[in-house]
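Chain residues, written in single-letter form:
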Amino acid sequence: MSTSAEQFVSTEFDYIIAGGGTAGLVLAARLSEDPSVVVGVIEAGDWDPKVDAINVPGLCGTILGNPKYDWAFMSVPQKHANDRPVFQPRGKALGGSSMLNLLGINRASAREYDAFEALGNPGWNWNEFLKYMKKSEKTLPVPAEDLSKYGLVAPDPQYHGDSGPIVKGYPTWFNPLHLQFLDTLEKLGVPKNPESDNGNNLGGVTTFVTVDSSNALRSYSASAYYEPNAGRKNLVILTNSTVTKINFRSSSSPLQAVGVEFTNGNQRYSAVARKEVILAAGAFQTPQILELSGIGNKDILNKHGIDTLVDLPSVGENLQDHVYVYSIHEIDPKYETIDDIVEPEVLARQQELYKSRLGYLSTALASLFGFLPAKSFVTPEQLSQWKANALATAEKAPAGLRKQLELQIQWFLNPESVEAELLPFPGFFRGSPLKPEPGSRYSSMVSSLMHPLSRGSVHIASADPAAPPAIDPNYFSNPLDLEILLAILKFTLDKVYKTSPFSDPVRKQVSPSPEECASDETLKEYIKNNCGCVYHPLGSASMLPREDGGVVDPQLKVYGTANVRVVDASVIPMQLSAHTQATVYAIAEKAADIIKGL
């Protein structure tokens, strides 16, 4: 049930969860299954289940940057990307970034999940992740005509859940160049992979999307985990309120959390938690709350006049995200792309189709991917040189980071490991400063680096909880990342768009321009001027041994505390070759069982 701030602080909670997002609402639903346990959730945003820009799948992305629903952070100027600040969206409403995301749900390789355990986290491995991913999801059957037409396979129950809260299924509308893209990748040595969620994600892939095709609506943590349980008296949700710090029992060692402080309007309140405080505020704001609470690097805390309760320098460090660069081509106008949505008669037709759960408003617009090994886009000579350079970087790194980099080098050299993602978008890329020609049709490609060697950070910039954190992804601080992204972009432009059948409808290249393609150096400038993130920040409160840069232990408890846990993407220690929501749902499901003692 929802409540007021005054009622919230008068309630005796067992658990208080900071953040009603992707992970927070999973925890809230699972912990409140026990009617004797009282769970409170504090969410900075609102709860409005009737917003078309959230619910209608084909409108996904249109809400990005809207301050009512998106924190719309900007990074600090990126010194290795021509001092550009880079947009960093984060969901600000019940559902968090699962309310804001672009709907794709997929998994990384088994080796990447096994790396959690190899880095010092017993019980965190592929088999465990698979168990909890399945628990979180309900997989829809595939229409028979789509199986044959698009080369799909029926979901294998060994790998896909059938009774979880999050509904996933294949799209109901497909990119008009869907088959051409998969056939072209196959010509270029990247095989089709109709079952990419079984621990091997390499290849040309049609991913599931978090859309319930029975009603053509987004399935996300608020609609799937909260809404069915909103009537529980022991699950109390407070919206439009921001957690500002954790309150601790004085002189306790390890630190014993007794509740949280939060703001609602201009008022400041304190709420009490008898058992635990759980941070689920995401990779940017979980470290912010820890630092505002006195847990972090003592030098940063001293700078802002905050007493250090636990000197934990790894808080806010190890930040990683996928970095991308886009390209745009004009194609034959006979192909249906979303460019025509600006035409009133087309919009009316699509709205009519949507009533029957059809057309491109009824599903995700990006469900087609190429997951490539390094050997696809680099020469053996480049591979050898990059190995030498990466090993040199690893040798100079602190011990904990060295373990991560050594794994990344192994993956980069492994012909079965995904190191690049190509995402074809059926229309003019919305993030481009260029404008489409009226009546023209376009194919865009988002080309991304999967395992960056660069590491960034996120820290408080002020002791004021209302001030945004200083987000520094530190793109290309390791110059190998720029070299690798350049190679991925050149593979996109020189191979994918110039190989039949994907090349057949291409009329001209729009971006990058001929001048920007003149040399490797001009293409690097294009990347620096146009790169962005794929909205998958993680690692800033890593689950690792404390001596290796960890913030939480394998029970997700913050080092130096008795009863503070972190349950969100910030605990993931290394970037994955997947979009993050499936992994975050699994982390939250497993965390609930850990807390319950199961």
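Residues numbered from 1 in each chain as written. Predicted model: local features only at pLDDT ≥ 70, side-chain atom pairs only at ≥ 80, totals over all residues. Heavy atoms only, no water.

### A closer look at the overall build of the protein chain
- For the protein chain, the count of helices and strands is 17 helices and 27 strands.
- Taking 598 residues into account, the globule formula puts the C-alpha radius of gyration at 25 Å, and the protein chain, at 23 Å, falls close to it.
- Over its C-alpha atoms, taken along the principal directions, the protein chain stretches across nearly 70 × 55 × 45 Å.
- In the protein chain, 74% of the contacts between residues at least 6 apart in sequence involve partners at least 24 apart.
- When the accessible surface of the protein chain is totalled, it reaches about 21,800 Å², and 51% of it is carbon and sulfur.
- Distance between charge centroids for the protein chain: 2 Å, based on 52 positive and 66 negative side chains. (Helix = DSSP H or I, 4+ residues; strand = E, 2+ residues; numbered from the N terminus. Rg over C-alpha atoms; globule rule 2.2 N^0.38 Å. Contact = heavy atoms within 4.5 Å. Areas by Shrake-Rupley, 256 points an atom, 1.4 Å probe, with all protein chains shown as cover. Lys, Arg positive; Asp, Glu negative; His and termini not counted. Charge placed at Lys NZ, Arg CZ, Asp CG, Glu CD.)

### Topic: the packing of aromatic side chains
- The full count for this structure, using the stated rule, is 24 aromatic pairs.
- In textbook terms, an aromatic cluster arises when at least three aromatic residues are bridged by ring pairs, as seen for Tyr113, Phe116, Trp124, Trp126 and Phe129.
- For the cation-ring pair, Lys168 lies above Phe208, with the distance from its terminal atom to the ring centre recorded as 4.6 Å. (Phe/Tyr/Trp six-rings, centres within 6.5 Å; stacked < 30°, edge-to-face > 60°. Lys NZ or Arg CZ within 6 Å of the ring centre and 35° of its normal.)

### Brief notes about the pairing of strand β21 (residues 420-425)
- Most of β21 sits out of view: six of its six residues are buried.
- The alternating pattern of β21 places Ala420, Leu422 and Pro424 and Glu421, Leu423 and Phe425 on opposite faces, both of which are buried.
- Bridging between β21 and strand β22 (residues 441-449) involves six bridges; their strand directions are antiparallel. Residue pairing in the sheet places Pro424 in a bridge with Met445 of β22. (Buried < 20%, exposed > 50% of the residue type's maximum accessible area, 1.4 Å probe, protein only. Pairing = 2+ DSSP bridges.)

### Focus on the confidence of the model for the protein chain
- In the predicted model, the protein chain carries a mean pLDDT of 97, and the fraction of residues at 70 or more is 100%.
- Of all secondary-structure elements in the protein chain, the lowest mean pLDDT belongs to helix α6 (residues 144-150), at 91, while strand β27 (residues 564-566) reaches the highest, 99. (pLDDT = per-residue confidence, 0-100.)

### Points about helix α4 (residues 110-118)
- Looking at α4, one finds that the buried residues are Ala110, Glu112, Tyr113, Ala115 and Phe116.
- Where the residues of α4 are buried, they touch α5 (126-136), α14 (399-413) and α17 (581-596).
- Where α4 terminates, the next one or two residues include Gly120, which has phi positive at roughly 115°.

### Some points on the pattern of salt bridges
- Applying the stated criterion to the full structure yields 26 salt bridges.
- Of the charged contacts, one joins Arg565 and Glu276 as a salt bridge, the two residues approaching to 2.7 Å between their closest N and O atoms. Taken together, the residues Arg565 in strand β27 and Glu276 in strand β15 (residues 267-279) connect sequence positions 289 residues apart. You'll find Arg565 and Glu276 in the same group, each marked buried.
- In this structure, Arg441 and Glu343 form a salt bridge, with 3.3 Å as the shortest nitrogen-oxygen distance. Of this pair, Arg441 sits in strand β22 while Glu343 sits in the loop between β19 (323-331) and α11 (344-355), placing them 98 residues apart in sequence.
- The structure contains a network of salt bridges with shared partners spanning Arg30, Glu33, Lys135, Glu589, Asp593 and Lys596. (Salt bridge = Lys/Arg side-chain N within 4 Å of Asp/Glu carboxyl O.)

### What to know about the packing of α5 against α17
- Closest axis-to-axis distance for the α5/α17 pair is 8 Å, and the angle between their directions is 95°. Between α5 and α17, the crossing angle belongs to the class labelled roughly perpendicular. Seen from α5, the contacting residues are Glu128, Phe129, Tyr132, Met133, Lys135 and Ser136; seen from α17, they are Ala582, Thr583, Tyr585, Ala586, Ile587, Glu589, Lys590 and Asp593.
- Residues that form the contact of α5 with α17 fall into these classes: seven nonpolar, two polar and five charged. (Axes fitted to C-alpha atoms, helices over the stretch in contact; angles between N-to-C directions. Parallel < 35°, antiparallel > 145°, perpendicular 65-115°, else oblique. Nonpolar A, V, L, I, M, F, W, Y, C, P; charged D, E, K, R; others polar.)

### Examining the environment of Tyr225
- On the secondary structure map, Tyr225 appears in helix α8 (residues 221-226).
- Sequence separation of Tyr225 and Pro165 is 60 residues, and the distance between their C-alpha atoms is 6.2 Å.
- Setting aside residues no more than four positions away along its own chain, Tyr225 makes contact with Leu25, Val26, Ala29, Arg30, Ser136, Pro165, Ile166, Tyr220, Tyr585 and Glu589.

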